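# Report on the structure
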Amino acid sequence: MPEYLFHYTSREHAQSIAAAGILEARARGMIYLTPDVYERGSQAVDALAVGGKPLDVVGLIPRSLLKASLPVRVAGPLYHPVTGMLVRRGGGAEICVSGPLTASGIRWLALSPP
């Protein structure tokens, strides 16, 4: 198992997490992590089927912050709600955590621009 899991998010959300000192569940009541490393936010957006926000930074989450080993699943594709057209491919590995997680052990890194 890797030493870190990764949380891809916007710069604004990362700043909120750092200020609050806690990473709380948001979308669908879960915190989404991945063992996969992406150099660019656009790669993470597509592989993890993230819609509606840019991914500018990645948080390195030490495995020690997690209480247990969690199952890995494959992110499904994201379709446009009106047209039904494929928007994001998905296919990346994701781990869902109910949270919250303390932010004190998270190190934030900027992603390369597209």
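Remember, it's a predicted structure, so these values are computed and weren't measured experimentally.

The rules behind these values
Residues numbered from 1 in each chain as written. Predicted model: local features only at pLDDT ≥ 70, side-chain atom pairs only at ≥ 80, totals over all residues. Heavy atoms only, no water. Helix = DSSP H or I, 4+ residues; strand = E, 2+ residues; numbered from the N terminus. Rg over C-alpha atoms; globule rule 2.2 N^0.38 Å. Buried < 20%, exposed > 50% of the residue type's maximum accessible area, 1.4 Å probe, protein only. Contact = heavy atoms within 4.5 Å. Lys, Arg positive; Asp, Glu negative; His and termini not counted. Charge placed at Lys NZ, Arg CZ, Asp CG, Glu CD. Pairing = 2+ DSSP bridges. Axes fitted to C-alpha atoms, helices over the stretch in contact; angles between N-to-C directions.

## A few points about the overall build of the chain
Scanning the chain for helices and strands turns up two helices and 10 strands. The order of α-helices and β-strands along the chain, N terminus first, is β-α-β-β-α-β-β-β-β-β-β-β. Its C-alpha atoms give the chain a radius of gyration of 14 Å, near enough to 13 Å, the size a compact globule of 114 residues would have. With 114 residues in all, the chain has 37% of them scored as buried. Sequence separation of 24 or more characterises 79% of the internal contacts of the chain that already satisfy a separation of 6 or more. For the chain, the distance from the average position of its 11 positive side-chain charges to the average position of its 8 negative side-chain charges is 3 Å.

## Section: the sheet that holds strand β4 (residues 57-62)
If you trace the three strands from one edge of the open sheet to the other, you get β1-β4-β10, paired in antiparallel fashion. Two strands bound the open sheet, and with one partner strand each, they are β1 (4-9) and β10 (107-110). The sheet shows a mean angle of 30 degrees between the axes of neighbouring strands, taken without regard to direction. Relative to β4, β1 runs antiparallel, the two being bridged by six bridges. Directly across from T9, in β4, lies its bridge partner V57.

## Here we look at the pairing of β4
Counting buried positions over the six residues of β4 gives six, a clear majority of the element. Sheet topology note: the β4/β10 ladder contains four bridges and is antiparallel. Its bridge partner lying in β10, L60 is registered against R107.

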